[in-house]
Amino acid sequence: MRSVLPIATICLAIVAVWYVGAVFLNAKWERDQAARAGVGIGWAEIVPATMSQERPVLPAPHQVAVEIWKTTAEKRITSKRSLVYHGWITLSATLLGFVMGVGLGILLAVGIVHNRAMDLSAMPWVISSQTIPILAIAPMIIVVLYNIGISGLVAKAAISAYLSFFPVAVGMVKGLRAPDDMQLDLMRTYNASAWQVFWKLRWPSSLPYLFASLKVAIAIALVGAIIGELPTGSQGGFGARMLNGSYYGQVLIIWSALFGAAICAALMVGAVGLAQRAVLGRTGQMR
Amino acid sequence: MSWVAVAIAAWLGGWAANVRLVRRPGRLTRALVPAIFGAALLVMWEGLVRGFNVPAVILPAPSMISGAFAAGLPVLWADFVQTVIRSVLPGYAMGCGAAFVTAVAIDRSPFLQRGLLPMGNLAAALPIVGIAPIMVMWFGFDWQSKAAVVVVMCFFPMLVNTIEGLRMAEPMQRDLMRTYAAGYWQTLWKLRLPAAGPFIFNGLKICTTLALIGAIVAEFFGTPVVGMGFRISTEIGRMALDMVWAEIAVAALAGSAFYGCVTLVERTVTHWHPSIRG
C-alpha cells in the first residue's frame, strides 16, 4: 500500500502535462482564428478557449471524460452511439477468442510435453513465430473468413484466438516442465500413471505459468479484436469507432474509444489477477 | 485427387522421419527435425490447395506466393525500406533510447520508481496501437507518424525492463564497489549496467516485434502509396492474396532478422550470463 502515494503523484503529473500539452498544441488554432477575425488575443483568452475546442489537436482530459460519460451513461446501451454497445461488440469477440486460444494453447503444450517428436518439430516454430508481426495478417484473416462465409464475431474471435494461442502455448510448456526430476521420480515410486502424473503433479505446478501467460494473452486478444474491426467497415466495436473518428476527424471519438479500450484491458487483466490470487492462494503457490 | 495423396504422404512421411530421428539425439537432429516439419507443412499446403482446387482468394499455394514474391521484388523492397528502414528503426532507437535514459534518470528516486513501475506494467497491457489514428493526425501520413507510434509502443516495456534490471546488482556487490571508493557513475557503468544487461536485452527483444506491429498497423490508417501495411490493405482490396502473403513473408523475415540481430548483440554483450554460457 506504500506505493499509493507515488502512483497518485505520477498520475497527477501525467494529467498536468496533458493539460499543458493541450494548451500549447491547441493554441495555434485559436491564434489563427483570432488573426482571421483581426483581433489581438492574449494567453488569458487562449488558455480557456483551448480547453473546449470542437476538434482539438489534443483534447483536454476533462473533454475526454465528458465524452466517455456522455456515450456510456447518457445513451441507451442499444444505441449505436453508445460506447457500451461498441465495447460489448469488441469484448464478446475478445472473450470468445481468448477462450478458444487458451484451450488450443494448453492442448498443444500438453502434446509437446508428452511427445518428443512433437516437441522437436513444433516448438522451434512456435518460438520463432513470436518474432513475426502476426497482427499484420489480421485484416487478411477477416477477408479470407468472409469469403468462406464466416464474418463478424467469429472472424474477430479467430484473430484473438490466434494471438492469445502463442503466449499460452509457450508458457504452458515451461510450466508443465516445471516439476523437477526428484518430484517426477517420487511419482514413479508411487507407481503413478501418466494421467495421474499430469493431474496431480504437472498441472498444479504449471498454474503460476498459466496465469502469467493468461494476463499477456487477454491483453493481446483485445488488441487483436480491435485490429480485426478495422477492415470490416463500420459495423461497430472500438476499432470501427477509431477508424470512423479518423475518417471524419472526430478526435474526441478516437480518444474515448481509446480510453474505453484501455479501461476494458485494465479490467480484464485485473480479473485474471483476481482469479490468480484465488486459485494460487488455495494451492499455496502465491508468491 | 493425386495432389491430396501427395499431401497426406508428405505429412505422414515427414512425421515418420521425425519420429525415427528423435530417437537419436544430437545437434543434427535438433536442426533437421523442425526443418522437415516445416517442409512437410509446405508440401501439404501446396498439395491440399491444388487437390481441393481452393480458390486463390481464400488461400494461394506456396508456389503462387513465391511467384508473386519473385515478381514483386522491387515493390516489396520499396515497402521494406519505407516501413522498416524509415519508420521502425528510428522509432525503435528513439523509443528504447528514451526509455533507457528515463530509467537511469529516475534510478536515484525510489519514490518515482514505485510510481512508474505499476504504471509501466499497466501500460504494457493497454492496446497502445490504438493511438495510431491520433499520431497519423498529428504527424501526417509519412514515416514520422509511424515512428511516433513505434516510440510509444517501445517505451513502456523497455522502461519496465530497465528499471527491473538496474535493481539486479546485489547489495554485497554494491558494498564492494563502495569499498573501492567508486562513485555513482562508476558503479553504474561497471557494475549495475552489466548486471542489468539480460533485462535490458529482454526489453529490446520484446520491442522488436512491437515496433514492427506498430508501424504496420499505423499504415492502415493512412500512408503515402508505399509501405508494408499499405500494401497489405490495398492488395486485400484487390483480392490479390498471393501478394499479401508475399508481404507477410517479408514481414516475417524482417521480424525474425531484427530479433536475430538483437539476440546476436545480446550474446556478445552478456556472454557471462548462465543462460548463454550453459
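See above for the structure.
Reading guide: rules and limits
Counting restarts for each chain, with residues numbered from 1 along the sequence as it is written. Each chain takes a letter, starting from A, and each ligand takes a number, starting from 1, following the order in which they are written. Predicted model: local features are reported for residues with pLDDT of at least 70 only, side-chain atom pairs are reported and counted for 80 or more only, and whole-chain, interface and lining totals are derived from all residues. For side-chain calculations, the full set of non-hydrogen atoms in the structure is used, while hydrogens and water are omitted. Think of it this way: any DSSP run of H or I at least four residues long counts as a helix, any run of E at least two long counts as a strand, and we number them from the N terminus. In this description the radius of gyration comes from C-alpha coordinates, and the expected globular size is given by 2.2 Å times residues to the power 0.38. Think of it in three bands: with a 1.4 Å probe and only protein chains considered, a residue is buried below 20% of the maximum accessible area for its type, exposed above 50%, and partly exposed in between. Residue contacts are defined here by distance: any two heavy atoms, one from each residue, within 4.5 Å place the two residues in contact. Accessible areas in this description were obtained via Shrake-Rupley with a 1.4 Å probe; residue shielding takes into account the shown protein chains only. By the counting scheme adopted, Arg and Lys are positive, Glu and Asp are negative, and His together with the chain ends is not counted. Note that the charge is assigned to NZ on lysines, CZ on arginines, CG on aspartates and CD on glutamates. For this analysis, a polar contact is any N or O atom pair within 3.5 Å, provided that within protein one partner can donate a hydrogen and the other can accept it, and provided that sequence-adjacent residues contribute only side-chain to side-chain pairs. Buried area is understood as the total, over both parts, of accessible area removed when two parts are fitted together, assessed with a 1.4 Å probe. Salt bridges are counted wherever a side-chain nitrogen of Lys or Arg sits within 4 Å of a carboxyl oxygen of Asp or Glu. Basically, the charged four are Asp, Glu, Lys and Arg, the nonpolar ten are Ala, Val, Leu, Ile, Met, Phe, Trp, Tyr, Cys and Pro, and anything else, Gly included, counts as polar. Residues belong to one nonpolar core when they are buried, are Ala, Val, Leu, Ile, Met, Phe, Trp, Tyr or Cys, and are joined through side-chain atoms within 4.5 Å.

1. Some points on the overall build of chain A
Part 1 of the argument: A tally of regular secondary structure across chain A gives eleven helices and zero strands.
Part 2 of the argument: Counted from the first residue to the last, chain A has its helices and strands arranged as α-α-α-α-α-α-α-α-α-α-α.
Part 3 of the argument: Taking 287 residues into account, the globule formula puts the C-alpha radius of gyration at 19 Å, and chain A, at 25 Å, lies well above it.
Part 4 of the argument: Oriented by its inertia axes, the alpha-carbon framework of chain A measures out at about 90 × 55 × 35 Å.
Part 5 of the argument: Expressed as a percentage of the 287 residues in chain A, the buried residues total 48%.
Part 6 of the argument: Look at the contacts in chain A between residues 6 or more apart in sequence, and 71% of them connect residues 24 or more apart.
Part 7 of the argument: Summed over its atoms, the accessible surface of chain A is roughly 14600 Å², and 67% of this surface lies on carbon and sulfur atoms.
Part 8 of the argument: Positive and negative side-chain charges of chain A, numbering 22 and 11 respectively, have mean locations separated by a distance of 6 Å.

2. A short note on the environment of Ile213 of chain B
Part 1 of the argument: Relative to the helices and strands, Ile213 of chain B resides in helix 9 (residues 184-219).
Part 2 of the argument: Sequence spacing of Ile213 of chain B and Trp189 of chain B is 24 residues, and the spatial spacing of their C-alpha atoms is 33 Å.

3. Some thoughts on the side chain of Glu229 of chain A
Residue and element names in this part refer to chain A.
Part 1 of the argument: Secondary-structure assignment places Glu229 in the loop between helix 9 (194-228) and helix 10 (238-248).
Part 2 of the argument: Here the side chain of Glu229 touches Gly239 through a polar contact of 2.7 Å, landing on its backbone nitrogen.
Part 3 of the argument: Beyond its immediate sequence surroundings of up to four residues, Glu229 is in contact with Ile89, Thr90, Lys156, Gly236, Gly237, Phe238, Gly239 and Ala240.

4. With respect to the interface of chain B and chain A
Part 1 of the argument: Taken together, the contact between chain B and chain A spans 50 residues of the former and 54 residues of the latter.
Part 2 of the argument: Taken together, both faces of the contact between chain B and chain A bury some 4300 Å²; the carbon and sulfur share is 84%.
Part 3 of the argument: Interface area lost by chain B to chain A is led by Arg114, Pro127 and Trp138 of chain B, which between them contribute 13%.
Part 4 of the argument: The interface formed by chain B and chain A contains zero salt bridges.
Part 5 of the argument: Linking chain B to chain A there are one residue pair in polar contact (both at pLDDT 80 or more).
Part 6 of the argument: Mapped by element, the contributors of at least two residues to the side of chain B that touches chain A are helix 1 (2-21), helix 2 (27-51), helix 5 (110-125), helix 6 (132-139), helix 9, helix 10 (228-237) and helix 11 (241-269) of chain B.
Part 7 of the argument: Looking at the side of chain B that touches chain A, its residues break down into 40 nonpolar, eight polar and two charged.

5. A short note on the nonpolar core
Part 1 of the argument: In terms of nonpolar packing, the biggest core is built from 133 residues, with Met140, Leu214, Ile227 and Trp255 of chain A together with Tyr92 and Leu204 of chain B touching the most fellow members.
Part 2 of the argument: Ranked by the residues each element gives to this core, the list is headed by helix 9 of chain B, at 14 residues.
Part 3 of the argument: Contacts of Trp255 of chain A, omitting those with residues within four sequence positions, involve Trp18, Leu58, Pro59 and Val64 of chain A together with Ile134 and Trp138 of chain B.
Part 4 of the argument: Grouped together as the second largest cluster of nonpolar side chains are five residues, Ala117 and Leu120 of chain A together with Leu21 and Val33 of chain B included.

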